[in-house]
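Geometric and topological summary
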Amino acid sequence: MIEIRGFRPEDAAAVASWVDGPAALATWSGNSGFGWPFDAGQLLALRAAQPGRRMFVAVEGDGPPLGLVTLLPDRPGWVVRLGLVIVAPAGRGRGAGAAMVGEALRVAFEEMGAHRVDLGVYLHNTGATRLYERLGFRHEGVRREMTLVEGEWWSAADMSILDREWRR
Ligand SMILES: CC(C)(COP(=O)(O)OP(=O)(O)OC[C@H]1O[C@@H](n2cnc3c(N)ncnc32)[C@H](O)[C@@H]1OP(=O)(O)O)[C@@H](O)C(=O)NCCC(=O)NCCS
């Protein structure tokens, strides 16, 4: 069974090893400020710079990390931004991503008291989009050509789920 636990500094190297190029980095991390070549130090620096961002890894029993997900509350506390969602390439397509993001939603709504959880996902990332739709996220709109990656403009969908929708 997939569970989430708090991210530990020693998890950073595994997460960095799942990102295999600049396009994969941008797809995963959006405008988090990471640069290619990506390494564990950048993840640890983000964690130090944003102590309010709650970071979790997905695990099965006491096994190695299988995925990462983070929750960043806004100041009043009723909006939580879901981000940095990734599953180890070898473990994809087996429900780990859905289980991990599902658990993160539970933390956001039940423990953090969120009213709304939102996220951004690039339009070409159809697998991730389907995952979020399956979990109940709704589309809100598109930020057109908001980032330039390797000479191509990428647009991003904004998605959100509200407390009452999640509880249904
Ligand atoms: C997006 C991502 C997190 C999904 O993780 P995942 O573990 O593969 O997700 P799931 O296994 O829950 O779902 C993926 C697919 O596997 C299918 N699946 C789920 N459980 C399954 C099972 N037991 N057997 C077979 N297939 C299964 C799902 O139906 C889904 O299919 P679909 O994409 O055709 O709809 C992963 O692909 C990833 O890390 N991508 C790179 C980073 C990224 O894009 N992050 C998102 C940024 S917004």
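Here is what the cut-offs are and how they apply
Residues numbered from 1 in each chain as written. Predicted model: local features only at pLDDT ≥ 70, side-chain atom pairs only at ≥ 80, totals over all residues. Heavy atoms only, no water. UniProt positions renumbered as here; feature names shortened; annotations may be inferred. Helix = DSSP H or I, 4+ residues; strand = E, 2+ residues; numbered from the N terminus. Buried < 20%, exposed > 50% of the residue type's maximum accessible area, 1.4 Å probe, protein only. Arc of directions from axis to C-beta. Pairing = 2+ DSSP bridges. Right-handed = clockwise from strand over helix to strand, strands pointing away. Near = heavy atom within 4 Å. Polar contact = N/O pair within 3.5 Å; in protein donor to acceptor, adjacent residues only side chain to side chain. Areas by Shrake-Rupley, 256 points an atom, 1.4 Å probe, with all protein chains shown as cover. Nonpolar A, V, L, I, M, F, W, Y, C, P; charged D, E, K, R; others polar. Phe/Tyr/Trp six-rings, centres within 6.5 Å; stacked < 30°, edge-to-face > 60°.

Turning our attention to the UniProt feature "domain: N-acetyltransferase" (unreviewed entry) in the chain. Per the UniProt entry, the sites bearing "domain: N-acetyltransferase" (unreviewed entry) are residues 2-164 in this numbering. Helix makes up 31% of residues 2-164 and strand 36%, whereas the separation of the span's terminal C-alpha atoms amounts to 25 Å.

The next thing to look at is helix α2 (residues 22-29). In an α-helix there are 3.6 residues to a turn, and that puts residues three or four apart on one side. Those residues of α2 lying buried are Leu25, Ala26, Trp28 and Ser29. Taken end-on, α2 shows its buried residues confined to a sector of 165 degrees, consistent with a single buried face. The first or second residue beyond α2 is Gly30, which carries a positive phi of 55 degrees.

The subject of this paragraph is unusual backbone geometry. Pro37 follows Trp36 through a cis peptide bond whose omega is 0 degrees. Secondary-structure assignment places Pro37 in the loop between α2 and α3 (40-49). Despite not being glycine, Leu84 has its phi angle at roughly 50 degrees, a positive value. Secondary-structure assignment places Leu84 in strand β4 (residues 79-87). A positive phi angle is found at Glu145, which is not glycine, with a value near 40 degrees. Here Glu145 shows up in strand β6 (residues 138-149).

Moving on: the pairing of β4. When you tally the buried positions in β4, you get seven out of nine residues, the bulk of the element. Pairing geometry for strand β3 (residues 67-73) and β4, over six bridges, is antiparallel. Bridged to Thr70 within β4 is Gly83. Where β3 folds back on β4, the antiparallel hairpin that results is connected by five residues, among which Gly77 adopts a positive phi of roughly 100 degrees. Inspection of the sheet shows β4 paired to strand β5 (residues 116-122) by three bridges, in the parallel sense. Within β5, the position partnered with Val80 by the bridge is Val117. Note on the crossover from β4 through helix α4 (residues 96-111) to β5: the handedness is right-handed.

Here the focus is the site of the ligand. Not every one of the 19 residues close to the ligand is listed here, only the nearest: Val85, Val87, Gly93, Gly95 and Asn125. Val87 has a polar backbone atom sitting 2.8 Å from an oxygen atom of the ligand. Separating an oxygen atom of the ligand from a backbone N or O atom of Gly97 is a distance of 2.8 Å. When the ligand is considered free in solution it has 930 Å² of accessible area, and contact with the protein chains removes 67% of it. Sort the elements by how many residues they give to the shell around the ligand and helix α5 (residues 126-134) lands first, with five residues. Here the shell around the ligand is composed, by residue class, of nine nonpolar, six polar and four charged.

This part covers the packing of aromatic side chains. Applying the stated rule across the entire model yields six aromatic pairs. Geometrically, the ring pair formed by Trp28 and Phe38 is edge-to-face, given 5.4 Å between the ring centres and 75 degrees between the ring planes. Linking Trp28 in helix α2 with Phe38 in the loop between α2 and α3, this pair joins segments that are 10 residues apart in sequence. As far as burial versus exposure is concerned, Trp28 and Phe38 are alike and both buried. An aromatic cluster is defined as three or more aromatic residues linked by ring pairs; in this entry it consists of Trp28, Phe34 and Phe38.

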